[in-house]
Amino acid sequence: MEGKAQHYAILVVDIEKFGSRGNPTQATLRKRMYELLERALDEAGIDHRAEPRPVDRGDGVFWLLPGSVPKTELTGRFVYLLQAALRAHSHHSSADAALRLRAALHYGEVAWDGRGWVGEDLNTACRIVDFQPLRDALGAGTRSALALAVSDPWYRAVVRHDYPEIDSRTYQAVRFDAKEIKGSKVWIRVPGYDTPPGIEPFVADEDPGTTLSAEGEGTAPGHSGENHNLVNAHVQAQQVVAGDQIVNGSLQFGTWPGPGSAMGDR
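Residues numbered from 1 in each chain as written. Predicted model: local features only at pLDDT ≥ 70, side-chain atom pairs only at ≥ 80, totals over all residues. Heavy atoms only, no water.

### As for the overall build of the chain
In terms of helices and strands, the chain carries 5 helices and 12 strands. Taking all 266 residues of the chain together, the buried fraction comes to 40%. Counted over contacts in the chain with a minimum sequence separation of 6, partners at least 24 positions apart contribute 66%. Just so you have it, the chain exposes about 14,800 Å², and 50% of that area is on carbon and sulfur atoms. (Helix = DSSP H or I, 4+ residues; strand = E, 2+ residues; numbered from the N terminus. Buried < 20%, exposed > 50% of the residue type's maximum accessible area, 1.4 Å probe, protein only. Contact = heavy atoms within 4.5 Å. Areas by Shrake-Rupley, 256 points an atom, 1.4 Å probe, with all protein chains shown as cover.)

Rendered as structure tokens:
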């Protein structure tokens, strides 16, 4: 219904180096892409024939699949079947007709506004498939014809649980900065590789609230290593008066030993 957002699993696919091919080759690649995608969805048991129909992007396509579609099947069996079909295609194609794909998986609320589909989650999925590290991973992964990226919500909901058909160890987190999206991450996989080639792993922003303890370890505000109710401090002094004695050097105030602990144990 127009204007009513609904929940979908979002699949976006893009053909590598599409614009560098001549028009006849582009037409052939587009036809073949649809054939392989539909066959892989069918063989994975994923319902894709109901409305809405796939939306063409020229050099790719996006599919809004029912929210009831098993995400484990999309992430596992569908990706496996698509990669197998792409490899089979490569055995019978020239270099100019090579079909290699980038794919992105995300989910969320998308609405039809009478002219097209609109929604922040759809925007995010399209940003992911065009993300440069995903392009780099496919370019470096010459043994594969497919590179997959899943959003962080998809990873947390599906991949990290290590279902039998999904190996989370083959995914690498990458920092995701794209237009209005800053400091997030996506998870990339290249079938046939233990870890995706050609990309840098995710590095989180430094927490401005993090402080250093006396030992140089990062601690959050209100915490001090082993016991967050006590304070670590390291006081440097040439001469410090302690009681009625003068102490030379440095004083170390560490975590106070718990009951039954020796004073020197930490």
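### Things to note about the packing of aromatic side chains
Per the counting criterion, the structure on display carries 6 aromatic pairs. Between Phe131 and Phe176, the aromatic rings sit 4.9 Å apart at their centres with planes inclined by 80°, giving edge-to-face as the arrangement. On the criterion of sequence distance, the pair formed by Phe131 in the loop between helix 3 (120–129) and helix 4 (132–140) and Phe176 in strand 7 (residues 172–178) is long-range, its members being 45 residues apart. For the pair formed by Phe131 and Phe176, the shared burial category is buried. With centroids separated by 3.5 Å and ring planes inclined at 5°, the aromatic side chains of Tyr155 and Trp187 adopt a geometry described as stacked. Of this pair, Tyr155 sits in helix 5 (residues 152–157) while Trp187 sits in strand 8 (residues 181–189), and the two are 32 residues apart along the sequence. You can call Tyr155 buried: its relative accessible area is 11%. One aromatic cluster is present, formed by Tyr8, Trp112 and Trp117 through successive ring pairs. Here the basic side chain of Lys71 rests over the ring of Tyr107, its NZ or CZ set 5.1 Å away from the ring centre. Seen from the ring of Trp154, Lys71 lies directly overhead, with NZ or CZ sitting 6.0 Å from the centre. (Phe/Tyr/Trp six-rings, centres within 6.5 Å; stacked < 30°, edge-to-face > 60°. Lys NZ or Arg CZ within 6 Å of the ring centre and 35° of its normal.)

### Some words on the nonpolar core
Within the largest apolar cluster, 41 residues are counted, with the highest numbers of intra-cluster contacts made by Leu74, Phe78, Leu82, Leu101 and Val150. Looking at this core, the elements that each hand over two or more residues are strand 1 (6–15), helix 1 (23–43), strand 3 (60–66), helix 2 (71–90), strand 4 (101–112), strand 6 (146–151) and helix 5. Contact partners of Phe78, with chain neighbours within four places excluded, come to Leu11, Leu37, Ala40, Leu41, Ala44, Ile46 and Glu73. With 26 residues, the next largest nonpolar core counts Leu64, Leu134, Ala149 and Val186 among its residues. (Core = buried A, V, L, I, M, F, W, Y, C linked by side-chain atoms within 4.5 Å.)

### Describing the pattern of salt bridges
With the rule as written, the count across this model stands at 11 salt bridges. For Asp130, the salt bridge identified is with Arg57, shortest N-O distance 3.6 Å. Placement of the pair is Asp130 in the loop between helix 3 and helix 4 and Arg57 in the loop between strand 2 (55–56) and strand 3, with a sequence separation of 73 residues. According to the relative accessible area criterion, Asp130 is partly exposed, its value standing at 32%. Given a relative accessible area of 26%, Arg57 falls into the partly exposed group. Residue Asp152 pairs with Arg156 through a salt bridge whose shortest N-O separation is 3.0 Å. A residue pair is termed a helical-turn pair when its members lie 3 or 4 positions apart in one helix, as Asp152 and Arg156 do in helix 5 at 4 residues. Judged by its relative accessible area of 13%, Asp152 falls in the buried class. (Salt bridge = Lys/Arg side-chain N within 4 Å of Asp/Glu carboxyl O.)

### Looking at helix 4
Residues three or four positions apart in an α-helix share a direction because the helix packs 3.6 residues into each turn. Buried residues of helix 4: Pro133, Leu134, Ala137 and Leu138, and no others. For helix 4, the arc enclosing every buried residue in end-on projection is 140°, short of the 170-degree limit, so these residues lie on one face. (Arc of directions from axis to C-beta.)

### So, the confidence of the model for the chain
The predicted coordinates of low-pLDDT regions are not to be read in fine detail. Per-residue pLDDT for the chain averages 80, and the proportion of residues at 70 or more is 74%. Element-level mean pLDDT values for the chain span from 34 in strand 9 (residues 211–212) up to 98 in strand 6. (pLDDT = per-residue confidence, 0-100.)

### Describing the side chain of Thr75
Here Thr75 lies in helix 2. Looking at Thr75, the relative accessible area reads 1%, which means it is buried. Separated by 2.9 Å, the side chains of Thr75 and Trp154 make a polar contact. In this view, Thr75 contacts Leu105, Trp154, Val158, Val159, Ile166 and Tyr171; residues no more than four positions away in its chain are not counted. (Polar contact = N/O pair within 3.5 Å; in protein donor to acceptor, adjacent residues only side chain to side chain.)

### Describing the side chain of Ser168
With respect to the helices, strands and loops of the structure, Ser168 is situated in the loop between helix 5 and strand 7. Residue Ser168 is classed as buried on the basis of its relative accessible area, which comes to 12%. Looking at Ser168, its side chain comes within polar contact range of the side chain of Asp162, at 2.7 Å. Once residues within four sequence positions are removed from consideration, Ser168 is found in contact with Tyr155, Val159, Arg160 and Asp162.

### Some details on the packing of helix 1 against helix 2
Where helix 1 meets helix 2, the axes come as close as 9 Å, and the angle between the chain directions of the two elements is 140°. On the basis of their axis angle, the class for helix 1 and helix 2 is oblique. As for how helix 1 packs across helix 2, the hand of that crossing is right-handed. Between helix 1 and helix 2, the residues in contact are Arg32, Leu36, Leu37, Ala40, Leu41 and Glu43 and Leu74, Arg77, Phe78, Leu81, Leu82, Ala85, Leu86 and His89, respectively. Residue composition of the contact of helix 1 with helix 2, grouped by class: 10 nonpolar, 1 polar and 3 charged. (Axes fitted to C-alpha atoms, helices over the stretch in contact; angles between N-to-C directions. Parallel < 35°, antiparallel > 145°, perpendicular 65-115°, else oblique. Left-handed = near helix turned anticlockwise from the far one by under 90°. Nonpolar A, V, L, I, M, F, W, Y, C, P; charged D, E, K, R; others polar.)

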